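If you want the building blocks of each chain, they are given just below.
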Amino acid sequence: MEMKRVRPNFRRGIYVIPTSLTILNIFFGFRAIIYATRAIEAIAVGRSDAAIDFFETACLSLLFAAVFDTFDGLIARQLNATSEFGKEYDSLADVVTFGAAPAVLVYAWGLQVFEKLGGGIAFLFLAAGSLRLARFNVITAKTDHRYFVGLPIPAGALTLASMIFYAPAPVTDRRFALIVLIVTIATAFAMVSPIRYRSQKGLALQKERSLMYFVILALILGLAFRWPREFWFAGAVAYLISGPLVKLWTIAFPSPQVVESSSQVVESSSRREEPPTTLP
């Protein structure tokens, strides 16, 4: 009887861990919004140096939020503490942190040059991200866990944040602002596209690796330490374009299994369409 009473309390205690990480995710997303609005105030009074500091803090807040968003799901699966409540709460947190926060941030940094049009494009990013999350919740059990259908909303938010962190000075040139507008639109459409992106869930972390793997990992960490802004920006852009590039590669060079299966489908359909032969 004692064990039966202790066990449910123990299970409820486990659920606190991923939920607490999700709350930290929301906290850093809200922090990014706060610093983005403070950057707008600094720009209004002509304090560009203060605005740069605010933009950098907002971008780093989104980066920390992405770390907590990654670990809340990993820890929940490792502790067998997944639930429908955690799934829905994580989606709501992602709408705030990786939808609203980067939309406000990119508007304050580079889209306010276009005034109402810039606000509309920032809202497009938010709308696309929320639709991406809703679709993920619906089809998550029907797709290959190794891939995401569409760009994940944290990756979309980090793409915009990496661009801003790379050049945190407020954008005043309309030509450069046009590039920011195009990147924002492309990122928004990538989130709702049917293009598949590689998921970290498909990485076999328990598989044995050679020493060269760790040498390459050390090299990557060294480059990130030496050039953090460039590394973050290059990595985010590389992941953004990886989906379309892999899609084009599979179209140009289909695997033998895909070609064989498609030929079998065509052959079976042609057999069904052949009229039956009649003996004289």
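For the structure given in this document, a descriptive report is provided here. (Residues numbered from 1 in each chain as written. Predicted model: local features only at pLDDT ≥ 70, side-chain atom pairs only at ≥ 80, totals over all residues. Heavy atoms only, no water.)

Side note on the nonpolar core
Okay, step 1: Phe 55, Leu 105 and Leu 111 are the most contacted members of the largest nonpolar core, which has 51 residues in total.
Okay, step 2: Secondary-structure elements contributing two or more residues to this core are α1 (2–44), α2 (48–78), α3 (84–111), α4 (116–139), α5 (153–166), α6 (174–192) and α8 (228–252).
Okay, step 3: Excluding residues within four positions of it along the chain, Phe 55 makes contact with Ala 39, Ile 43, Leu 105, Ala 108, Trp 109, Ile 164, Pro 168 and Pro 170. (Core = buried A, V, L, I, M, F, W, Y, C linked by side-chain atoms within 4.5 Å. Buried < 20%, exposed > 50% of the residue type's maximum accessible area, 1.4 Å probe, protein only. Helix = DSSP H or I, 4+ residues; strand = E, 2+ residues; numbered from the N terminus. Contact = heavy atoms within 4.5 Å.)

Observations regarding the packing of aromatic side chains
Okay, step 1: Evaluation of the coordinates by the stated rule reveals 11 aromatic pairs.
Okay, step 2: Ring geometry for Phe 28 against Phe 68: centres 5.7 Å apart, planes inclined by 15°, an arrangement best described as stacked. Residue Phe 28 is found in helix α1, and its partner Phe 68 is found in helix α2; the two are separated by 40 residues along the sequence.
Okay, step 3: On the basis of relative accessible area, Phe 28 is assigned to the buried category, the value being 14%.
Okay, step 4: Ring centres of Trp 109 and Phe 176 lie 6.0 Å apart, and the angle between their planes is 85°; on these two criteria the pair is classed as edge-to-face. (Phe/Tyr/Trp six-rings, centres within 6.5 Å; stacked < 30°, edge-to-face > 60°.)

Some remarks on the environment of Leu 63
Okay, step 1: Its place among the elements puts Leu 63 in helix α2.
Okay, step 2: Given a relative accessible area of 31%, Leu 63 falls into the partly exposed group.
Okay, step 3: For the pair Leu 63 and Gly 29, spaced 34 residues apart in the sequence, the C-alpha separation amounts to 9.4 Å.
Okay, step 4: In this structure Leu 63 touches Leu 158 and Trp 232, once residues within four positions along its chain are discounted.

Brief notes about a nonpolar patch on the surface
Okay, step 1: Together, Met 212, Val 215, Ile 216, Leu 219, Ile 220, Leu 223, Trp 227 and Phe 231 make up an exposed nonpolar region whose accessible area comes to about 730 Å².
Okay, step 2: At six residues, helix α7 (residues 211–226) tops the list of elements feeding residues into the nonpolar patch.
Okay, step 3: Its location among the elements puts Leu 219 in helix α7.
Okay, step 4: The class of Leu 219 is exposed, set by a relative accessible area of 53%. (Patch = residues over 30% accessible without salt bridge, like charges linked within 9 Å, V, L, I, M, F, W, Y side chains within 5 Å. Areas by Shrake-Rupley, 256 points an atom, 1.4 Å probe, with all protein chains shown as cover. Salt bridge = Lys/Arg side-chain N within 4 Å of Asp/Glu carboxyl O.)

A few points about the pattern of salt bridges
Okay, step 1: Following the criterion strictly, the structure yields two salt bridges and no others.
Okay, step 2: Notably, a salt bridge pairs Arg 175 with Asp 173, separated by 3.6 Å at the nearest N-O pair.
Okay, step 3: The class for Arg 175 is exposed, based on a relative accessible area of 65%.
Okay, step 4: Exposure remark for Asp 173: the relative accessible area of 35% places this residue in the partly exposed category.

A word on α4
The periodicity of an α-helix, 3.6 residues per turn, causes residues three or four places apart in sequence to face the same way.
Okay, step 1: If you check α4, its first and last C-alpha atoms are 35 Å apart, about what 24 residues at 1.5 Å a residue would give, namely 34 Å.
Okay, step 2: Along α4, the residues that are buried comprise Gly 118, Ile 121, Ala 122, Phe 125, Ala 128, Gly 129, Arg 132, Leu 133 and Asn 137.
Okay, step 3: Tucked into the core, α4 has its buried residues touching α3, β1 (147–149), α5 and α6. (Expected span 1.5 Å × (residues − 1).)

Details of the packing of α3 against α5
Okay, step 1: α5 packs onto α3 with a crossing angle of 25° between their chain directions and a minimal axis gap of 9 Å. With respect to their mutual orientation, α3 and α5 come out roughly parallel. The handedness of the crossing between α3 and α5 comes out as left-handed. Together, Asp 94, Phe 98, Gly 99, Pro 102, Leu 105, Val 106 and Trp 109 of α3 and Ile 153, Pro 154, Ala 157, Leu 160, Met 163 and Ile 164 of α5 make up the contact between the two elements.
Okay, step 2: Across the contact of α3 with α5, the residue classes break down as 11 nonpolar, one polar and one charged. (Axes fitted to C-alpha atoms, helices over the stretch in contact; angles between N-to-C directions. Parallel < 35°, antiparallel > 145°, perpendicular 65-115°, else oblique. Left-handed = near helix turned anticlockwise from the far one by under 90°. Nonpolar A, V, L, I, M, F, W, Y, C, P; charged D, E, K, R; others polar.)

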